[in-house]
Amino acid sequence: MHNIEITDLKKLTQMVKDAYGYDFTNYAMSSFRRRVNRILELYNFTSVSNLIDKIKVQPAFVEEVVNEITVNVTEMFRDPSFWREVRDHIIPNILLNHKSINVWHAGCSSGEEVFSMAILLREMGISDKVKLIATDLDNSILNKAKKATIPIKNMELNEKNYIRFQGSASLSKYYKEQNGHAVLNPALVENVSFRKHDLVQGGIFNKFDLVLCRNVMIYFNQNLQNDVLKKLHESLFKYGYLIIGSKESLIWCEIANKFIVVNNEEKIYKKIRE
Amino acid sequence: MSKYKLDNTYRAIVLGGSAGSFQGITKILSSIPDNFELPVIMCLHRLKHVRNGFVEALSIKSTKPVTEPYDKEKLKRGKVYLAPSNYHLSIELGNNFALSTEDMVNNSRPSIDITLETAAYNYKRRLIGILLSGANKDGALGMKAIKERGGLTIVQDPNECMIKTMPESALEATKIDYVLKIKEIIEFLIELDKNYK
């Protein structure tokens, strides 16, 4: 681990923000410091100042930095009990009052949660009733998500999760193995709209019945979490659902009173006030 | 006269363990006073897909409840915390916890190195690190970080460990202040706590 001081990190985030418009100033310091350390090691920088110099002279490099800073570790059907809850209760509940459903995967990374949702909907036989929008800050990870290919080494875990999810088929039904990757059936994601969107600085662009933002805000400090939660709240129809990670909580956030807890274990909330 | 150099300037204890540590941990948790002052932050290797059960199993044996912190939860005195399964647990500036789903470190998530290193960064010399039995080297670099920032380091006596790789890796990586049996770790903690009353 390099010796990285908070002042170094502040210089870096300010410079990246001023020059390129990416805003990491309110990221949680503990993980942000690790991500920066990782970049120093990967590219053999001796200090944060070296990294700042490189970004100044080589604008294209900032995209690589963004890609390394954002955490892109994800699983299909992570927390299988959560996905069962979505299938058995949340979606059926929305369908009681709606003919179609708008879903937003906010901070979708390489798309594993989107693929999980697409498979879930197909198994429920309602793919045509649901519009999926998936967004991320990072262009390169969005391109990866659009291709819907997953390194085969990750599939063992994904298969295990799928079995615990108690899907109606076998996960292998949905992909072909090709050059060390699991290539998902393109039909699964052909109707998904993958778009670049910055949760931190971007505006409200649509209204949704269901917003999934699991394990995304854990990389933000509490102020930024509050800001982003306001946007997520505003992006939901009244009585729409917000879902966050199993170890995140709305307890400390300013808009907690505008939601009720639907399932505390799986962190499913329902918007009850504008 | 105590055999340990103790005072009341410490602010937290971080405790790491893996294979063969469960019994030692439950002994420690069942022996510390129920009004033990310092927060105890545990990072133990555990099954990834089993979200529940472990914290309950530890709570039953403990003199005080064990909880898995939420992201950005404030650290409180006198509490016992456990890193949740499938997340890394960090100490964030401002004395909060922070969780992350970053890549596994030493094939582990939660990784003991991450919890220890971020705690060392935050508490500097006011931290005590304790590392118990385990089958890999996770925790060694974390203990090194604690020592480098002036904190106190303790490992379970490898001769007592079911699997001694973990404490031995720490002994190789850095200076360890005390090599103790579980019984002595408990003595140490009880004596330490007297400095806070």
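These numbers were taken from a predicted model, which means no experiment stands behind them.

Asks: Run through a positive patch on the surface, naming residues and quoting values.
Replies: Residues and elements named next belong to chain B. Taken together, Arg 11, Lys 124, Arg 125 and Arg 126 make up a surface patch of like positive charges. By the element assignment, Arg 11 lies in the segment before strand S1 (12-17). Look at Arg 11 and you get partly exposed, because its relative accessible area is 34%.

Asks: Report on the sheet that holds strand S9 (residues 178-180) of chain B, specifying residues and quantitative values.
Replies: Residue and element names in this part refer to chain B. Ordered in space as S3-S4-S2-S1-S7-S8-S9, the 7 strands form an open sheet in which the pairing is parallel. One side of each edge strand has no neighbouring strand; the edge strands of this open sheet are strand S3 (66-67) and S9. Two strands pair when backbone bridges link them, and strand S8 (residues 152-156) and S9 are joined in this way by 3 bridges, in the parallel orientation. Looking across to S9, one finds that Ile 154 is bridged to Tyr 178. Contacting S1, strand S7 (127-131), S8 and S9, helix H5 (residues 165-173) crosses the sheet at an angle of about 145 degrees to S8. Sheet contacts for helix H6 (residues 182-194): S1, S7, S8 and S9; angle to S9, the most-contacted strand, approximately 125 degrees.

Asks: Give me the pattern of salt bridges: which residues, what numbers.
Replies: All names here are of chain A. Tallied over the entire structure, the rule returns 24 salt bridges over all chains. For the salt bridge of Arg 38 with Glu 68, the shortest nitrogen-to-oxygen distance reads 2.8 Å. Of this pair, Arg 38 sits in helix H2 (residues 29-42) while Glu 68 sits in helix H4 (residues 61-69), placing them 30 residues apart in sequence. Take Arg 38: its relative accessible area is 30%, and that puts it in the partly exposed class. Linking Glu 274 and Lys 271 is a salt bridge whose minimum nitrogen-to-oxygen distance equals 3.0 Å.

Asks: How would you sum up the interface of chain A and chain B? Please name residues and give values.
Replies: Size of an interface: often given as the accessible area lost when the parts come together. In this assembly, 38 residues from chain A lie in contact with 30 residues from chain B. Ranking the residues of chain A by area buried against chain B places Arg 34, Val 73 and Lys 247 of chain A at the top, with a combined share of 25%. The tally of links from chain A across to chain B stands at 6 salt bridges. Linking Arg 34 of chain A and Glu 102 of chain B is a salt bridge whose minimum nitrogen-to-oxygen distance equals 2.8 Å. Along the contact surface separating chain A from chain B lie 18 residue pairs in polar contact (both at pLDDT 80 or more). Secondary-structure elements contributing two or more residues to the side of chain A that touches chain B are H2, helix H8 (155-165) and helix H10 (222-234) of chain A. Here the side of chain A that touches chain B takes 7 residues from H2 of chain A, the largest share from any one element.

Asks: Quick one: what's the story with the sheet that holds strand S4 (residues 175-178) of chain A, residue by residue and with numbers?
Replies: Residues and elements named next belong to chain A. Spatially, S3-S5-S4 is the arrangement adopted by the 3 strands of the open sheet, whose pairing is antiparallel. If you trace the sheet from one side to the other, it starts and ends with strand S3 (149-151) and S4, each paired once. Put simply, the sheet's adjacent strands are angled 30 degrees from each other on average, direction ignored. Inspection of the sheet shows S4 paired to strand S5 (residues 181-184) by 4 bridges, in the antiparallel sense. Looking at the pairing, Tyr 175 lines up with Leu 184 of S5.

Asks: Can you break down the environment of His 98 of chain A residue by residue, with the values?
Replies: Residues and elements named next belong to chain A. Looking at the element boundaries, His 98 is found in the loop between helix H5 (80-97) and strand S1 (101-106). The class of His 98 is partly exposed, set by a relative accessible area of 35%. Residues His 98 and Lys 129 lie 31 residues apart in sequence; the distance between their C-alpha atoms is 9.4 Å.

Asks: Describe the state of the cysteines, and please don't skip the residues or the numbers.
Replies: Inspection of every chain in the model, using the stated rule, returns 0 disulfides over all chains. Cys 213 of chain A supplies the cysteine sulfur nearest to Cys 253 of chain A, a cysteine that is in no disulfide, at a spacing of 12 Å. Here Cys 253 of chain A falls in the buried class, since its relative accessible area comes to 12%. Cysteine Cys 161 of chain B is unpaired, with the sulfur of Cys 43 of chain B as its nearest cysteine sulfur at 17 Å. Look at Cys 161 of chain B and you get buried, because its relative accessible area is 11%.

Asks: Mind laying out the pairing of S1 of chain A, listing which residues take part and the relevant values?
Replies: Across a regular strand the side chains alternate sides, sitting on one face of the sheet and then on the other. Residues and elements named next belong to chain A. Of all 6 residues that make up S1, 5 are buried, and the element is covered over most of its length. One ladder, built from 6 bridges, connects S1 with strand S2 (residues 130-136); its direction is parallel. The residue of S2 that forms the bridge with Val 103 is Leu 132. With respect to chirality, the unit in which S1 leads through helix H6 (residues 112-124) into the neighbouring parallel S2 is right-handed. Pairing between S1 and strand S7 (residues 208-213): 3 bridges, direction parallel. Within S7, the residue paired with His 105 across the bridge is Leu 212.

Asks: Provide a residue-level description of H8 of chain A, including the pertinent values.
Replies: Residue and element names in this part refer to chain A. Listed in full, the buried residues belonging to H8 are Met 155, Asn 158, Asn 161, Tyr 162 and Phe 165. Buried residues in H8, looked at end-on, bunch into an arc of 120 degrees, giving them a common side. Facing away from the buried side of H8 by over 90 degrees, the exposed positions are Glu 156 and Ile 163. Looking at the packing, one finds that the buried side of H8 touches H5, H6, S3, S4 and S5. Where H8 ends, the next residue or the one after it, Gln 166, has phi of about 60 degrees, a positive value.

Asks: How would you summarise the packing of helix H1 (residues 22-31) of chain B against H6 of chain B if you had to cite specific residues and measurements?
Replies: Residue and element names in this part refer to chain B. Across the interface, H1 lies against H6 with an axial gap of 10 Å and an inter-helix angle of 30 degrees. By the angle between their axes, H1 is roughly parallel relative to H6. Note that H1 runs across H6; the crossing there is right-handed. Residues Gly 24, Lys 27, Ile 28 and Ser 31 of H1 form the contact with H6, whose participating residues are Ile 182, Ile 185, Ile 186, Leu 189 and Ile 190.

The rules we used
Residues numbered from 1 in each chain as written. Chains lettered and ligands numbered in written order. Predicted model: local features only at pLDDT ≥ 70, side-chain atom pairs only at ≥ 80, totals over all residues. Heavy atoms only, no water. Patch = residues over 30% accessible without salt bridge, like charges linked within 9 Å, V, L, I, M, F, W, Y side chains within 5 Å. Areas by Shrake-Rupley, 256 points an atom, 1.4 Å probe, with all protein chains shown as cover. Salt bridge = Lys/Arg side-chain N within 4 Å of Asp/Glu carboxyl O. Lys, Arg positive; Asp, Glu negative; His and termini not counted. Charge placed at Lys NZ, Arg CZ, Asp CG, Glu CD. Helix = DSSP H or I, 4+ residues; strand = E, 2+ residues; numbered from the N terminus. Buried < 20%, exposed > 50% of the residue type's maximum accessible area, 1.4 Å probe, protein only. Pairing = 2+ DSSP bridges. Contact = heavy atoms within 4.5 Å. Axes fitted to C-alpha atoms, helices over the stretch in contact; angles between N-to-C directions. Buried area = accessible area lost by both parts, 1.4 Å probe. Polar contact = N/O pair within 3.5 Å; in protein donor to acceptor, adjacent residues only side chain to side chain. Disulfide = S-S within 2.5 Å. Right-handed = clockwise from strand over helix to strand, strands pointing away. Arc of directions from axis to C-beta. Parallel < 35°, antiparallel > 145°, perpendicular 65-115°, else oblique. Left-handed = near helix turned anticlockwise from the far one by under 90°.

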